[in-house]
Amino acid sequence: MKVFFHIGRYTLFVKKVFGRPEKHTVFLKQIVREIDKLGIDSVGIVLIISFFMGAVVTLQTAYNIDMPIIPRYTIGFATRDSMLLEFSSTIVGLILAGKVGSNIASEIGTMRVSEQIDALEIMGINSASYLVLPKMVAFVLIIPFLVIISMGVGITGGYIAGSVTGEVPSADYIYGIQYSFQPFFVVYSLIKGMVFAFIISTASAYWGYHARGGALEVGSASTTAVVTSSILILLFNLILTQLLLA
Amino acid sequence: MIETVDVIKSFNDKLVLKGISTVFEKGRTNLIIGQSGSGKTVLLKSLVGLHDVTSGEIFYDGRSFNKMGRKDRKALRQEIGMLFQGSALFDSMTVEENVRFPLDMLTNQSLEEKTARVNECLDRVKLENANRKLPSEVSGGMQKRVAIARAIALNPQYLFCDEPNSGLDPRTSIVIDELIHEITHEFNMTTIVNTHDMNSVMGIGEKIMFIYEGEKHWEGTKDEIVHVQNEQLEDFIFASKLFQKVRENSK
Ligand SMILES: Nc1ncnc2c1ncn2[C@@H]1O[C@H](COP(=O)(O)OP(=O)(O)O)[C@@H](O)[C@H]1O
Ligand SMILES: [Mg+2]
């Protein structure tokens, strides 16, 4: 089965990625560059989607629980927990699978088909480690910040949407977002985010690294990378939820 | 000197090299010629370990490449320079950074030492005022020069060139060919060049091997090649009108 072939080859690939970096000074420089490229460059999209998700969740909840027996602060509470539990990790992860995943796959795929990877190997450099480890480390390090930003912006988005439409009184919303707060939800989200960052960076690099042919194949490697990362994120979301919250 | 003994390479079920035995001599430009798809690139990449051979042995000046452990192979890699068909320059780095890259990664030299060596190599390939440019900002011929400069940065003993003049105009092709030839003699390297260009064969071929569908069909010198009696090789050589003329005149 093809799936088993890919799992086997991916495992070997990840083992190669964890090879010792050739030069630590070079490695550190690469990490800084990747934090900028993968992390800082993603702040914009995270801000936008988080704001709108928070706003929409708030309004949907407001319109759905239009019954006097349910207190209005439930809306703030629902927005907060939706962001904390699911949106800021999983949805942000899926969006970044598209942005970062295709970026990594096409960059590494281009290097493969233009023989730049061979050029590294011929010098005796572990190309998988040289190219992928800095991206992986940078992305896993930076994603907690993106997740936290997403939580803050999402909750703020809900507040603004609730106030502007007049659906949720601000005092109720602010009470709601503090109500029955469980710090572990944040930890849970950060763990998920870091696992997703590992999945996105290594799975996408895997497809790029094993591309053969030309520009066309790099394009399809990039598509496959996004699809695979997304499916793996959904799968691990389920697994991690069972492990951490059950 | 590099020796191959019955090198066979197949990908899954596809047999590409069907038992190549030959010797590539030191201090000479050894040519591998053959049509597109005959297995030249696969042979070159098998020699340097970018492909693992299916069977057969490769010796670098008597040292068995197959039996080398990972450490020894890595050490040997630093004696190898390779010029890839599409130059394979790192496109996010400037010309200077490309040439300095092997020095950055594999030596502990100071920046001054490295810069001096980079400029020495760029001078050697006659490339001036391009240090800060990106590969995409210079011509194909210049990219080839940068790739040669990068390949010789660590003073290799073995130089591998995969179709060094593909995509270049005839004049630039000759310049690149001669550069490879000069460097080979200057540093007494074992150089192996893949080509399907008869102009290169007559220009710089000191020892020539012709492969056809993964088999060695002929080897010899450029003086012998035009008199050879081998159907496939004659097809290959005299595909060019120019060489048909040469033969008619010599009869
Ligand atoms: N990685 C690979 N997997 C499968 N087949 C390959 C691979 N690399 C090359 N081949 C096949 O080997 C044959 C020889 O290719 P190559 O050495 O590139 O020819 P050329 O003489 O033009 O350099 C071709 O038929 C090619 O399809
Ligand atoms: Mg070729």
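Structure report, in brief. The shown structure was predicted, so the numbers you read here are calculated from the model rather than taken from an experiment.

**Remarks on the overall build of chain A**
Helix and strand content of chain A: nine helices and zero strands. Helices (α) and strands (β) of chain A occur, in sequence order from the N terminus, as α-α-α-α-α-α-α-α-α. Taken over the C-alpha atoms alone, chain A extends approximately 70 × 40 × 35 Å along its principal axes. For chain A, the residues scored as buried account for 48% of the 246 residues in total.

**Re the pairing of strand β3 (residues 29–33) of chain B**
All names here are of chain B. Burial of β3 is extensive: five of the five residues sit out of reach of the surface. A two-sided burial pattern is seen for β3, the buried positions comprising Thr 29, Leu 31 and Ile 33 on one face and Asn 30 and Ile 32 on the other. The sheet contact formed by β3 and strand β8 (residues 190–195) spans five bridges and is parallel. Paired with Ile 33 across the two strands is Thr 195, which belongs to β8. Strand direction decides the pairing type here: β3 and strand β9 (residues 207–212), joined by four bridges, are parallel. Bridge assignment links Ile 32 to a residue of β9, and that residue is Met 209.

**Observations regarding the interface of chain A and chain B**
A common measure of how large an interface is: the accessible area buried when the components associate. With 16 residues of chain A in contact, the opposing surface of chain B contributes 25 residues. Counting the surface chain A buries against chain B, the share from its top three residues, Glu 115, Ile 122 and Met 123 of chain A, is 37%. Viewed at the interface, chain B and chain A are joined by three salt bridges. Ionic pairing is found between Glu 22 of chain A and Lys 74 of chain B, a salt bridge with its closest N-O pair at 2.5 Å. With six residues, the single largest contributor to the side of chain A that touches chain B is helix α5 (residues 116–122) of chain A.

**Considering helix α3 (residues 95–106) of chain B**
Among the twelve residues of α3 of chain B, eleven are classified as buried, and the element is accordingly described as predominantly covered. For α3 of chain B, every residue scored as buried is listed here: Val 95, Glu 96, Asn 98, Val 99, Arg 100, Phe 101, Pro 102, Leu 103, Asp 104, Met 105 and Leu 106 of chain B. Next to the buried residues of α3 of chain B lie α2 (24–39), α5 and α6 (127–165) of chain A together with α4 (111–124) and α5 (140–152) of chain B.

**Here we look at the sheet that holds strand β4 (residues 55–60) of chain B**
Residues and elements named next belong to chain B. Read from one edge of the open sheet, four strands run β2-β1-β4-β5, paired in antiparallel fashion. The two strands at the open ends of the sheet, each matched to only one other strand, are β2 (14–24) and β5 (63–64). As paired strands, strand β1 (residues 2–11) and β2 are joined by eight bridges and run antiparallel to one another. Looking across to β2, one finds that Ile 8 is bridged to Lys 18. Against the sheet, helix α1 (residues 40–47) makes contact with β1, β2 and β4, and its axis sits at roughly 65° relative to β2, the strand it touches most.

Cut-offs and rules
- Residues numbered from 1 in each chain as written.
- Chains lettered and ligands numbered in written order.
- Predicted model: local features only at pLDDT ≥ 70, side-chain atom pairs only at ≥ 80, totals over all residues.
- Heavy atoms only, no water.
- Helix = DSSP H or I, 4+ residues; strand = E, 2+ residues; numbered from the N terminus.
- Buried < 20%, exposed > 50% of the residue type's maximum accessible area, 1.4 Å probe, protein only.
- Pairing = 2+ DSSP bridges.
- Contact = heavy atoms within 4.5 Å.
- Buried area = accessible area lost by both parts, 1.4 Å probe.
- Salt bridge = Lys/Arg side-chain N within 4 Å of Asp/Glu carboxyl O.
- Axes fitted to C-alpha atoms, helices over the stretch in contact; angles between N-to-C directions.

Nothing here speaks to function; it is geometry throughout.
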